[in-house]
Amino acid sequence: MSDHTTHHEEHHKETFISKYVFSMDHKMIAKQYLITGIIMAVIGMVLSILFRIQLGWPDESFPFLEKVLGKWAQGGRIDPSFYMSMVTIHGTIMVFFVLTAGLSGTFSNLLIPLQVGARDMASPFINMLSYWFFFLSSVIMTWSLLIETGPASGGWTIYPPLSALPKAMPGSGLGMTLWLISMAIFVASALMGGINYISTVLNMRTKGMSMTKLPLTIWAFLLTAILGVLSFPVLFAGVILLIFDRGFGTSFYLSDIFIGGEALPNHGGSPVLFQHLFWFLGHPEVYIIIMPALGISSEIIATNARKPIFGYRAMIISLIGIAFLSFIVWGHHMFITGMNPFLGSVFMFTTLIIAVPSAVKTFNYLATLWRGNIQFTPAMLFAIGLVSLFITGGLTGIFLGNASLDINLHDTYFVVAHFHIVMGSAAMFGMFAGVYHWYPRLFGKMMDERLGYFHFWLTFIAVYCVFFPMHFMGLDGVPRRYYAFTSFDFMKEWLAVNRFISIAAILGSLAQFIFLYNFFRSIFKGKKAPQNPWNSNTLEWTAPVEHMHGNWPGEIPWVYRWPYDYSKPGHDEDFIPQNVPLSQTMSSNLPGDYGTHHGSKASH
Amino acid sequence: MIAEETTSNTAFNSQPKKFVTWLFVLSSLMCFAGLTSAYIVRKAEGNWKIFDLPQAFYYTTVLILLSSITLHLSLTNAKKGQIAKQKNYLVITIILGLGFLFGQYFAWKQLVANGIYFAGNPAESFLYVISGFHAFHIIAGIMLLLFALTGTFSKINQTKNIFRMEISTIFWHFIDILWIYLLVFLLINR
């Protein structure tokens, strides 16, 4: 009661700044994350188009490039060191800023309080700080594109010595420094977000919302946050040592290095040490990216197949399995560092075991779809697209997890194809699915469905056209991160394929403008969203469409059932929201349901 | 009725925020786990300088242990509502914390005097990085303690007072135990 009035008062005190800028409301923070993520995604996409132009037409010059890039494309040809920078920043932006902060930040913020039945996050203030740290790090990373010496260019994994010696190459100077500052702030943001998500899920669930009544989205966000809280600090530790190597003369990662014939004083360091520290984060990081997408697709597939998710507990257990295993597989990124072959086979073993929980999830998706009354909304198409990409990319993971094969395939386009499909595109599809599905919840408006279909099919076809041929290039030994494939005869043969990929990538990127148009137009001109547009069971659809502090005007709804009571036999509608007591749905209660009276069984 | 309020609808519910503190402790711990693991991995590769830890480390260990005791006394007094005693013990804790920091600084000076430099062998650099990063945690801890102390002067209500005391106690005990771990780790893995 008293709580209700305080929320009411707060509502009136809001100014423009406190409502739209330094907001502590999780729904507004979710929007801030989403829109920042979209802007970063556009930057990452533009970079990829620029280097795809270079790869597709390495011998031609494009005068418009000089107009856009200035000194980085003199005579209309992209400068090789700037090519490396673009690859680096594209990777960094997509992995961290779009698919970590943009995906997790948006949907954890939006859905955790709404789906568990909480008024806001555990600490709204830390939540706000988390966004603004992310914003600051985005600005610094983007700014690094504009500086005189160019941005960091040692690859998104920033291996020393290129990252540790400011004089190693142009991008190792100020660009690398800005990269490190930006990422340090980013890590702080990710930690503040993560600890908030975990605390909210574990402590602030509404009455009746036990852990086994949680929607799978929340399980995915929870485990993602746990991965982040455990792995980002290790990267932070690694980066601290790197910063000391760069600026303070220590030798953690450096030993016996000559620049321009001159020996450096650094002695006794080990660059492989950095790889250990980096990949201890780096591998969980790819699950930080994909797990929220898997959670989102679980929810969307069950809702739109109008069927309970198949194997709810198996889904949770496989998520926990993936989360646990992700910490003991980092060595598979380092098979060729000269690691002990026995250790390599241990990492190979743990890596291949991940196929088990992944396959459990895949089969559960398919079993949920099986004979469902499928509603092909754009969100559903993207969720099914995710399953397709997850299978395609997952299968090549089994190749790469084998140490003996990886020695051949390491650093080839096979790896590029693998991770772009299984982690990049699949997670991006999860993000699109989430945006289409929860757009009514975010903005109170509906997105245009027809544009959504166009967007899906063009994107889906483009993704396969871009990344599928790369497998064959990789098997042929074409290495990644090369500026031009013209110096060796066997690579020249792939020029036509490269050109095809580039054209597909450009068309696929243009298709994203359909999404952008649809997204921003619908905010203002979209149809008003009904209370529960997808006839979904989860709690977020019980909260009023127009935004308010505290999410629910009166009491927070109580939860009586799991979130997947779709098409329950005996019930007149094909969904029963979580807040409907079992006593109201006697005709559809199963013998095991709590509160069933013995007499009601006879009525079936 | 009261139990029901604390689970869902009260304006100030300290439980989730205390949990946030624990999670922060966990992430901080992972940071040190990263550093000490890197230490072991690097040491295993050889070319490792062996030297004695500075004497001052043992004195600062005593200081930080004492500070945990005084902070505990401060917390128990806060819970009993004896704010004056709470304040006194809190001030002593802060002084002990500052003493620890000066002690660490003195230990670094001892190291330099013995020819152990930050930009030397990784064995030497690691010692500075680990103890320095811990010192940053002590500074953060002192700021938390000051936050709790200002609360006792500005007459915040008892729930908030205890909440502030509890989060600073969680963090302070953590950095105390962390220091013991780091000291033992450094002694074993010289």
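Structure: above.
The following paragraphs examine the structure supplied in this document. (Residues numbered from 1 in each chain as written. Chains lettered and ligands numbered in written order. Predicted model: local features only at pLDDT ≥ 70, side-chain atom pairs only at ≥ 80, totals over all residues.)

**A look at the overall build of chain B**
Line of reasoning, step 1. Within chain B one finds six helices and zero strands.
Line of reasoning, step 2. Its helices and strands taken in sequence order, chain B reads α-α-α-α-α-α from the N to the C terminus.
Line of reasoning, step 3. Expressed as lengths along the three principal axes of its C-alpha atoms, the size of chain B is roughly 65 × 35 × 20 Å.
Line of reasoning, step 4. The contacts of chain B with a sequence gap of at least 6 include a subset with a gap of at least 24, amounting to 77%. (Helix = DSSP H or I, 4+ residues; strand = E, 2+ residues; numbered from the N terminus. Contact = placed C-beta atoms within 7 Å.)

**Here we look at the interface of chain A and chain B**
Line of reasoning, step 1. Between chain A and chain B, the contact holds 38 residues from the first and 31 residues from the second.
Line of reasoning, step 2. Secondary-structure elements contributing two or more residues to the side of chain A that touches chain B are helix H1 (2–13), helix H7 (174–203), helix H8 (216–247) and helix H9 (271–305) of chain A.
Line of reasoning, step 3. With ten residues, H8(A) is the single largest residue contributor to the side of chain A that touches chain B.

**Let's talk about the packing of H8(A) against helix H5 (residues 122–153) of chain B**
Line of reasoning, step 1. Contact pair H8(A) / H5(B): the axes reach a minimum separation of 12 Å and the direction vectors enclose 125°. Taken together, the axis directions place H8(A) and H5(B) in an arrangement best described as oblique. The chirality of how H8(A) crosses H5(B) is right-handed. Contact residues: Ile240(A), Leu241(A) and Phe244(A) in H8(A); Ser125(B), Val129(B) and Phe133(B) in H5(B).
Line of reasoning, step 2. The residue inventory of the contact of H8(A) with H5(B), partitioned by class, reads five nonpolar, one polar and no charged. (Axes fitted to C-alpha atoms, helices over the stretch in contact; angles between N-to-C directions. Parallel < 35°, antiparallel > 145°, perpendicular 65-115°, else oblique. Left-handed = near helix turned anticlockwise from the far one by under 90°. Nonpolar A, V, L, I, M, F, W, Y, C, P; charged D, E, K, R; others polar.)

**Overview of the environment of Val98(A)**
All names here are of chain A.
Line of reasoning, step 1. Here Val98 shows up in helix H5 (residues 80–116).
Line of reasoning, step 2. What makes Val98 buried here is the crowd of 26 C-beta atoms within 10 Å.
Line of reasoning, step 3. Val98 sits 392 residues away from Phe490 along the chain, and the two C-alpha atoms are 35 Å apart.
Line of reasoning, step 4. If we ignore the near neighbours within four places in the chain, the residues touching Val98 are Gly37, Met40, Ala41, Gly44 and Ile93. (Buried ≥ 20, exposed ≤ 12 C-beta atoms within 10 Å, placed from the backbone.)

**Quick notes on the nonpolar core**
Line of reasoning, step 1. Counting residues in hydrophobic clusters, the biggest one holds 198 residues, and the most contacted among them are Leu222(A), Phe382(A), Leu386(A), Ala426(A), Ala427(A) and Ala433(A).
Line of reasoning, step 2. In this structure Phe382(A) touches Phe429(A), Phe432(A), Ala433(A), Tyr436(A) and Phe456(A), once residues within four positions along its chain are discounted. (Core = buried A, V, L, I, M, F, W, Y, C linked by C-beta atoms within 7 Å.)

**Side note on helix H15 (residues 413–443) of chain A**
All names here are of chain A.
Line of reasoning, step 1. When the local axis directions of H15 are compared, the greatest deviation, roughly 50°, occurs at His437, which is followed within four positions by the proline Pro440.
Line of reasoning, step 2. Along H15, 31 of the 31 residues are buried, which leaves the element largely enclosed by surrounding structure.
Line of reasoning, step 3. Gly444 lies just past H15 and shows a positive phi near 70°. (Bend = angle between axes of the 7 residues up to and from the residue.)

**Considering unusual backbone geometry**
Residue and element names in this part refer to chain A.
Line of reasoning, step 1. A cis geometry characterises the amide bond from Pro160 onward to Pro161, with omega recorded as 10°.
Line of reasoning, step 2. The residue Pro161 is located in the loop between helix H6 (124–143) and H7 in this model.
Line of reasoning, step 3. The backbone phi angle of Asn535 is positive, close to 50°, even though this residue is not glycine.
Line of reasoning, step 4. The residue Asn535 is located in the loop between helix H18 (495–525) and helix H19 (598–602) in this model.
Line of reasoning, step 5. Owing to 16 C-beta atoms within 10 Å, Asn535 belongs among the partly exposed residues under this scheme.

**What to know about helix H2 (residues 14–44) of chain B**
Line of reasoning, step 1. Helix length check: H2(B), at 31 residues, gives a terminal C-alpha distance of 45 Å against a target of 45 Å (1.5 Å per residue), a fit within 8%.
Line of reasoning, step 2. Once H2(B) ends, the next one or two residues include Gly46(B), with phi positive near 85°. (Expected span 1.5 Å × (residues − 1).)

**Quick look at the environment of Ser345(A)**
Line of reasoning, step 1. By the secondary structure assignment, Ser345(A) is in helix H11 (residues 341–353).
Line of reasoning, step 2. The spacing of Ser345(A) and Phe335(A) is ten residues in sequence and 9.2 Å in space, taken between C-alpha atoms.

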